[in-house]
Amino acid sequence: LFPGVRQAQWLTKTKLVEGLPPAVQAIMDNPALGLQELEERVKHAVSHARLWDTAEVAPRREQYCPVLFENLIHICRLMSGKYPSLSKRMLARNCRIAVTWERESILLQVRGLSGILMNSMSPIPPVASQEEILATREHVLETFYPIAPTIDLQEVNVYKELNDTGKSCCFRDGYPYSHPHTLFFLESANVRTNRFRPEQLRAKMLMFAFGNALAKAKALHGNDPKVLEQPIVVQSVGTDGQLFQFMVFQLNTTDLVSNDGVKNLVWIDSDQNLYEKAQCVPEVKKRVVTKPAGIFGFQPDTFKKFLALYLHGTV
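Residues numbered from 1 in each chain as written. Predicted model: local features only at pLDDT ≥ 70, side-chain atom pairs only at ≥ 80, totals over all residues. Heavy atoms only, no water.

Going by what an unreviewed UniProt entry lists, the protein is known as Large ribosomal subunit protein mL37 and is assigned to Climacteris rufus. UniProt, in its Sequence similarities (unreviewed entry) section for the protein, records the words "Belongs to the mitochondrion-specific ribosomal protein mL37 family." Of the protein, the UniProt comment under Subcellular location (unreviewed entry) reads exactly: "Mitochondrion". (UniProt positions renumbered as here; feature names shortened; annotations may be inferred.)

Next comes the structure, spelled out in structure tokens:
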């Protein structure tokens, strides 16, 4: 999506709110969770991914990005001792999504790999109140006139309007982890031009969070457009192994054809570094070591946000 999140907002009939919602912020600010106690573990996880897990002088992004993600997820799982319901989660990898909807007179479809999907046995409660949802009726969606909002979308012939989640089995009858919780996108390509830029990554995160929420809504309520009595919340986290993007999406309506009425909502916290540059080799000037290897500037608030999204719906 060339215009990024602005275009994704129009395609999904969504209002943007900057920052994380109060429900997530409250988890971060709760001293009883002891998030500070995990900081040393996170520093160790960063060191492991960036400095130690390689036979080379420095690990490549395609190596350290997934290693760091696995390390962070492992630290999050340690909280299941305090909150047993966290064990009722499942990570599904190589998930495929296909969901179709109509926007104005255009038939749209999100289809393809949707990252690593964490499913849960219970849904995340709505993060916006009924008053906030109704207030979105006054929100005016941005247009791109005279540019079409679908300018850079791939045009294909659709012979079957699919609404399913493919390999992940998330919405099939009897699957115990039937609620999408959080999508994780790892932009681990070594070459910068092969990675999504942060703005495009956020747009991708929004489209696939919306797609998973819409597929769940259609599985629960059928294909008739409607304002949902119980909105569906799906979160998304994107990272290149250093810079993180955080998102909480709430599907309030499946009536997406017109610009009128209730809109969906998305909260985005952008461009959060987990650490500053990792010093994989010492910096030497005039035969003097000015920066020793193994140091990096750690940003604890970024991990707190990662953990808060993981705990959301349980704490």
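*Asks:* Even after reading the chapter, I still don't get the overall build of the protein, so can you show me in this structure?
*Replies:* Across its full length, the protein holds seven helices and 11 strands. Across the protein, contacts joining residues at least 24 apart in sequence account for 75% of those joining residues at least 6 apart. As presented, the protein carries roughly 15500 Å² of accessible surface, and 51% of it is formed by carbon and sulfur atoms. (Helix = DSSP H or I, 4+ residues; strand = E, 2+ residues; numbered from the N terminus. Contact = heavy atoms within 4.5 Å. Areas by Shrake-Rupley, 256 points an atom, 1.4 Å probe, with all protein chains shown as cover.)

*Asks:* Just checking my understanding: could you explain the nonpolar core for this structure?
*Replies:* If you look at the biggest cluster of nonpolar residues, it comprises 51 residues, and the most contacted ones within it are Phe184, Leu274, Phe303 and Phe306. Of all the elements in the fold, those that place two or more residues in this core are helix H2 (22–28), helix H3 (39–52), helix H4 (61–77), strand E5 (116–120), strand E7 (227–239), strand E8 (243–253), strand E9 (264–273) and helix H7 (300–311). Here this core gets eight residues from one element, more than from any other, and that element is H4. Dropping the residues within four chain positions of it, phenylalanine 184 is found in contact with Phe69, Ile73, Leu91, Gly115, Ile116, Met118, Val237 and Phe306. (Core = buried A, V, L, I, M, F, W, Y, C linked by side-chain atoms within 4.5 Å. Buried < 20%, exposed > 50% of the residue type's maximum accessible area, 1.4 Å probe, protein only.)

*Asks:* Is there a simple way to explain unusual backbone geometry in this structure?
*Replies:* Excluding glycine, residues mostly carry a negative phi; peptide bonds, for their part, are mostly trans. For lysine 13, which is not glycine, the phi dihedral falls at a positive 55 degrees. If you trace the backbone, lysine 13 turns up in the loop between helix H1 (5–12) and strand E1 (14–18). Its identity is not glycine, yet asparagine 94 carries a phi of approximately 55 degrees, on the positive side. For asparagine 94, the location among the structural elements is in the loop between strand E2 (89–92) and strand E3 (96–103). Residue classification places asparagine 94 among the exposed positions, given a relative accessible area of 54%.

*Asks:* What's the story with H1 in this structure? I'm lost.
*Replies:* Three- or four-residue spacings in an α-helix give side chains the same orientation, since the helix completes a turn every 3.6 residues. When you tally the buried positions in H1, you get seven out of eight residues, the bulk of the element. The set of residues buried in H1 consists of Val5, Gln7, Ala8, Gln9, Trp10, Leu11 and Thr12. Those residues of H1 that are buried lie in contact with E1, E3, strand E4 (106–113), helix H6 (198–221) and E9. Positioned one or two residues after H1, lysine 13 has a phi angle of 55 degrees, which is positive.

*Asks:* Looking at this structure, I do not really get H4. What am I missing?
*Replies:* The end-to-end C-alpha distance of H4, which contains 17 residues, comes to 24 Å, matching closely the 24 Å that a straight helix rising 1.5 Å per residue would cover. Taken together, the buried positions of H4 are Arg61, Tyr64, Cys65, Val67, Leu68, Phe69, Asn71, Leu72, Ile73, Ile75 and Cys76. (Expected span 1.5 Å × (residues − 1).)

*Asks:* How should the confidence of the model for the protein be read in this particular structure?
*Replies:* Caution is warranted with low-pLDDT regions, since their predicted coordinates should not be read in detail. Residue-level pLDDT values for the protein average 87, and 87% of them are 70 or greater. Within the protein, the lowest mean pLDDT, 57, falls on strand E11 (residues 288–291), and the highest, 98, falls on E8. (pLDDT = per-residue confidence, 0-100.)

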